[in-house]
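Examining the three-dimensional arrangement
The residues making up each chain are set out below.
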Amino acid sequence: QVQLIQSGGGLVQAGGSLRLSCAASGRTFSSFAMGWFRQAPGKEREFVAAISRGGGRYYYADAVKGRFTISRDNAKNTVYLQLNSLKPEDTAIYYCAAVSCSDYMCAPREEMRYEHWGQGTQVTVSS
């Protein structure tokens, strides 16, 4: 079992930056691909970014490409999401997620593939 504990988030003005962190329990963090998703009010949860076990492959949603950066530190069992040039439409609850992958380069973009989820953290961007 993996527990994911999120931190970061908050209120920021448009154009500002935030960093989200997601710390995983256990000693097998490097066996998990990690993803970030978000859910805005009244909308379904959507993919934001994913990173493979070793960090060598990553994907971004078109809406955040060039502004957000996903990274991981396997020694610290933590995945990060750096959010830059924030826009009001980035306002959402952000979730990290983990999936066990035998393929070292897997980095799923499909929500249904993820097995473990963080508690969510609110990001609010004011205009």
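Preceding this paragraph is the structure being described.
Residues numbered from 1 in each chain as written. Predicted model: local features only at pLDDT ≥ 70, side-chain atom pairs only at ≥ 80, totals over all residues. Heavy atoms only, no water.

1. Looking at the sheet that holds strand β1 (residues 4-7)
Counted only if it meets this: The pairing criterion is simple: DSSP has to find at least two bridges between the two strands. Numbering of helices and strands runs from the N terminus; a helix is a DSSP stretch of H or I covering at least four residues, while a strand is a stretch of E covering at least two. Here an axis means a line fitted to C-alpha atoms, over the contact stretch when the element is a helix, while the angle between two N-to-C directions is reported on a 0 to 180 degree scale.
Here four strands make up an open sheet; going across it, the order is β1-β3-β8-β7 and the pairing antiparallel. Strand pairing shows two members of the sheet lacking a second neighbour, β1 and β7 (68-73), which therefore form its edges. Ignoring which end each strand starts from, the neighbouring axes of this sheet average 15° apart. In this structure, strand β3 (residues 18-24) lies alongside strand β8 (residues 78-83), joined through six bridges in antiparallel fashion.

2. Things to note about unusual backbone geometry
Put simply, the rule is: The buried label applies to any residue whose accessible area, calculated with a 1.4 Å probe on protein chains only, is under 20% of its type's maximum; exposed applies above 50%, and partly exposed to all values in between.
At Asn 77, a residue that is not glycine, the phi angle is positive and equals roughly 55°. Exposure remark for Asn 77: the relative accessible area of 17% places this residue in the buried category. Even without being glycine, Ser 85 reaches a positive phi, approximately 50°. Looking at the element boundaries, Ser 85 is found in the loop between β8 and β9 (92-100).

3. Re the environment of Glu 44
Quick note on the threshold: Any two residues whose heavy atoms approach within 4.5 Å are treated as being in contact.
With respect to the secondary-structure elements, Glu 44 resides in the loop between β4 (32-39) and β5 (46-51). When the C-alpha positions of Glu 44 and Ser 85 are compared, they lie 23 Å apart, and in sequence the two are 41 residues distant. Apart from the residues within four sequence positions on either side, Glu 44 is in contact with Arg 38 and Gln 39.

4. Considering the pairing of β3
Side chains on a regular strand alternate between the two faces of the sheet. Of all seven residues making up β3, five are buried, and the element is well covered by its neighbours. Bridge count for β1 against β3 is four bridges, and the pairing is antiparallel. Bridge pairing in β3 links Ile 5 to Ala 23.

5. Digging into the pattern of salt bridges
Let me state the cut-off plainly: Any Lys or Arg side-chain nitrogen located within 4 Å of an Asp or Glu carboxyl oxygen qualifies as a salt bridge.
The tally for this structure, following the rule as stated, stands at five salt bridges. Its salt-bridge partner being Asp 90, residue Arg 38 comes within 2.9 Å of it at the nearest N-O pair. You can see Arg 38 sitting in strand β4 and its partner Asp 90 sitting in the loop between β8 and β9, a full 52 residues away along the chain. Asp 90 carries the same exposure label as Arg 38, and that label is buried. Close ionic contact of Asp 90 with Arg 67 constitutes a salt bridge, the shortest N to O distance being 2.7 Å. Of this pair, Asp 90 sits in the loop between β8 and β9 while Arg 67 is found in the loop between β6 (58-60) and β7, placing the two residues 23 residues apart along the sequence. Comparing Asp 90 with Arg 67, the two get one shared label, buried. Members of the salt-bridge network, linked through shared partners, are Arg 38, Glu 46, Arg 67 and Asp 90.

Limitation: the analysis is restricted to geometry and does not speak to function.
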